[in-house]
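Chain and residue survey
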Amino acid sequence: MPLARRPASRIRVIAHVDLDCFYVQVEQRRQPQLRGKPTAVIQYNSWKGGACIAVGYEARKCGVKRSMRGDAAKAVCPDLNLVQVPVLHEKADLSIYRDAGSEVVAVLSRVGKCERASIDEVYLDVTEAAERLSSKDLSTLVSEEASTSHIVGLPQLGTKEWFCRPDASREDHLLACGAIIIADIRLAVLAETEFTCSAGVAHNKMLAKLSSGMHKPAQQTLVPSSAVESLLATLPISKIGKLGGKLGQELEGELGVKTVGDLLQFSELKLQDMYGPNTGTWLWNTARGINGDEVQDRTLPKSHSSGKTFPGPRALKTLETVVYWLKELAETLQLRLDEDLSQNNRTAHLLTIHASCHIFQEGRATEAPKFSSKSRPLRYGVDKIVEDSRYLFERSLHEFCSHQSAGKEQSEITSSWAVTGLSLTASNIMAKPMGVNPITQYFGTRPPVTGDAGNASEQQQQCPSISKEVRLEEDRAGPSVTTDGSIPESISPPPSRKPAKLTDLWQRKASLQPERKEETVAWEYKQEEIDHSVFAELPSEIQQELQGRLGVQRNKRGKPTTIADFFISKT
């Protein structure tokens, strides 16, 4: 459900910048001979010429649409140039588009707080830059690009007179300053990257997003406060983020709401009573163009994903084929994780698997519950990602299939499953602390020991209760036993000496040489041993590290229930 946030106390100037037919622009920059010609980018599969995922404006004029297959698009536009997306691990490789998007973000971030929303979308908060510009004479600053801005509520294009009105409200004056800034930075993007972009400029993120696509390509649209009511009055609710799905269907079915303006007839109390305090307030605000979402200062992605669809006959129907594709997806995901670590010093801590699955009975698809997504703490390495994602998939598959087999004998079950979509996501990405060792290493490492046989006896004398085959956990769990239940003599501590203390082991680390890479093991703990007051006293960065490393169990409201929940892996 959407979250109602308190509107900002100050006037804000927010822009949503949307790159025009971005995949096509990237390919036209790579192949300049395609500029000005009808071009479309297709997926890597060859069935009916591949699916069009981006269509240039020249091709659109010929009737080509994104929903078409390549062969059908060629039939509509014989001169159409089809460019295939690069392929890696038998799936689309979007690296060139992500990298090109990063070039644009680097330019846009010069003018204000920058939030990268997707490969080709960026939010900008230029409030501070607009306030600095507001004290200057705008008549000398309005560029030709800015003066051609579309202004909602005005029948003609914006002119210098609108930008420089002496009777303009403070809101409109700052909006005009923001429009000048966005027009200039869009020209900078074109000069430095060769990409055109369109933009919407308003006083909040919702209105900026709505207006950025109103006039394309390479144009910008402004939404003055005085025009908000007329803009939303006839706007279909599906055009508003979070109202295109279940909530939008409920509004139409229960209240007969089809446009945003239709919501104005209901009081905030009525909407709260029907949809809860938070969602009700959010709906009431949305109907009036009020939105308190802030632009996050984030130029890097919040997560990394790798996915693939398997339509029709290519659906995966055996566990072996699922595992094969999990490995392909894991290799792509690990490449992106390694790149993020080396370039940005960031690590992800949560692995999530998503799948689309259907159940077939006697050759026909039957109604089935949604295939549930599952998560667990992320372990780096392709083999580990495959192992963990397979475990999560099998758990979800068991739940998915169990409903139709309930109450039936094994001989009566004639159904089979088929996976039509599969993806892996790495999230909960945090910057890796610089110059310090992570605190979690002290909960799960064993002291390095030398592989030199000549020094083995000396090390065992210094630390008689520890050998190459004995981990720290054995200090707590007691000595290992053989198959007959006896304690092996080789690791039994001498009766006259006490086992080494944990502090002694850490002090002797330097003397154990040559050094070998540490091996991590799971941190064994008991929930009742976790002291809430002690955890609360830890520095915030250490609390975040522990939570990210171990996963957080949350209640239905999305908040940890007890301090012990911080140490329970989310699955």
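With respect to the sheet that holds strand 2 (residues 39-42)
The 3 strands lie next to each other as 3-2-4, forming an open sheet whose pairing is mixed. Only two strands of the sheet have a single neighbouring strand rather than two, namely strand 3 (52-55) and strand 4 (81-84). Taken over all neighbouring pairs, the strand axes of this sheet differ in orientation by 30° on average, direction set aside. Inspection of the sheet shows strand 2 paired to strand 4 by 4 bridges, in the parallel sense.

Topic: the nonpolar core
Counting 49 residues, the largest nonpolar core has Leu 108, Leu 124, Phe 163, Ile 182 and Leu 222 as the members making the most contacts within it. With 12 residues, helix 8 (residues 170-193) is the single largest residue contributor to this core. Dropping the residues within four chain positions of it, Leu 222 is found in contact with Ser 149, His 150, Ile 151, Val 152, Trp 162, Phe 163, Leu 175, Ala 179 and Val 201.

Some points on the side chain of Asp 172
Mapped onto the secondary structure, Asp 172 falls in helix 8. Reaching out from Asp 172, the side chain makes a polar contact with the side chain of Arg 165 at a distance of 3.1 Å. Beyond its immediate chain neighbours, meaning those up to four positions away, Asp 172 contacts Trp 162, Arg 165, Pro 224 and Ser 225.

So, helix 1 (residues 22-30)
Since one α-helical turn is 3.6 residues long, residues separated by three or four positions face the same way. Counted residue by residue, helix 1 has 7 buried out of 9 residues, so it is predominantly covered. Of all the residues in helix 1, the buried ones are Phe 22, Tyr 23, Val 24, Gln 25, Val 26, Glu 27 and Gln 28. Buried residues along helix 1 sit against strand 1 (14-19), strand 2, strand 3, helix 2 (57-61), strand 4 and helix 4 (95-108).

Digging into the sheet that holds strand 7 (residues 113-118)
Ordered in space as 7-8-1-10-11-9, the 6 strands form an open sheet in which the pairing is mixed. Since the sheet does not close on itself, it has two edges, and those belong to strand 7 and strand 9 (150-151), each with one partner. Note that strand 1 and strand 10 (residues 197-202) share 6 bridges and pair antiparallel. Residue Ala 15 lies in a different strand from strand 10, and its bridge partner there is Val 201. Helix 4 contacts strand 1, strand 7 and strand 8 (121-125) of the sheet and is inclined by roughly 160° relative to strand 7. Its contacts with the sheet place helix 9 (residues 205-212) against strand 1, strand 7, strand 8, strand 10 and strand 11 (220-222), and it is angled at close to 145° to strand 10.

Notes on the packing of helix 4 against helix 8
Taken N-terminus to C-terminus, the directions of helix 4 and helix 8 make an angle of 140°; their axes are 9 Å apart at the nearest point. One element, helix 4, and the other, helix 8, form an angle in the oblique class. Here helix 4 and helix 8 pass one another in a crossing that is right-handed. Of the residues in helix 8, those in contact with Glu 103, Val 104, Val 107 and Leu 108 of helix 4 are Ile 185, Ala 188, Val 189, Glu 192 and Thr 193.

Remarks on the pattern of salt bridges
Across all of its chains, the model carries 20 salt bridges by this definition. With a closest N to O distance of 3.9 Å, Arg 376 and Asp 388 form a salt bridge. Here Asp 388 lies in helix 15 (residues 382-405) and Arg 376 lies in strand 16 (residues 374-377), a separation of 12 residues in the sequence. The exposure class assigned to Arg 376 is partly exposed, which follows from its relative accessible area of 23%. Glu 387 is the salt-bridge partner of Arg 379, the closest N and O atoms lying 3.3 Å from each other. Residue Arg 379 is classed as partly exposed on the basis of its relative accessible area of 33%. Counted as one network, the salt bridges with shared partners bring together Arg 376, Arg 379, Glu 387 and Asp 388.

Regarding the confidence of the model for the protein chain
With 71% of its residues at a pLDDT of at least 70, the protein chain reaches an overall mean of 81. Here residues 445-523 is modelled with pLDDT under 50, and outside its nearest four sequence neighbours on either side it reaches 80 contacts, counting other chains as well. Contacts of residues 552-566 to residues separated by more than four positions or lying in other chains number 27 contacts, the stretch itself having pLDDT below 50.

A few points about the packing of helix 1 against helix 4
Contact geometry of helix 1 with helix 4 gives a least axis separation of 10 Å together with a crossing angle of 90°. Between helix 1 and helix 4, the interaxial angle falls into the category roughly perpendicular. Contact with helix 1, carried on its side by Phe 22, Tyr 23, Val 26, Glu 27, Arg 29 and Arg 30, involves Ile 96, Tyr 97, Ala 100, Gly 101 and Glu 103 of helix 4 and no other residues of that element. Among the residues forming the contact of helix 1 with helix 4, the class breakdown is 6 nonpolar, 1 polar and 4 charged.

Conventions adopted
- Residues numbered from 1 in each chain as written.
- Predicted model: local features only at pLDDT ≥ 70, side-chain atom pairs only at ≥ 80, totals over all residues.
- Heavy atoms only, no water.
- Pairing = 2+ DSSP bridges.
- Helix = DSSP H or I, 4+ residues; strand = E, 2+ residues; numbered from the N terminus.
- Axes fitted to C-alpha atoms, helices over the stretch in contact; angles between N-to-C directions.
- Core = buried A, V, L, I, M, F, W, Y, C linked by side-chain atoms within 4.5 Å.
- Buried < 20%, exposed > 50% of the residue type's maximum accessible area, 1.4 Å probe, protein only.
- Contact = heavy atoms within 4.5 Å.
- Polar contact = N/O pair within 3.5 Å; in protein donor to acceptor, adjacent residues only side chain to side chain.
- Parallel < 35°, antiparallel > 145°, perpendicular 65-115°, else oblique.
- Left-handed = near helix turned anticlockwise from the far one by under 90°.
- Salt bridge = Lys/Arg side-chain N within 4 Å of Asp/Glu carboxyl O.
- pLDDT = per-residue confidence, 0-100.
- Nonpolar A, V, L, I, M, F, W, Y, C, P; charged D, E, K, R; others polar.

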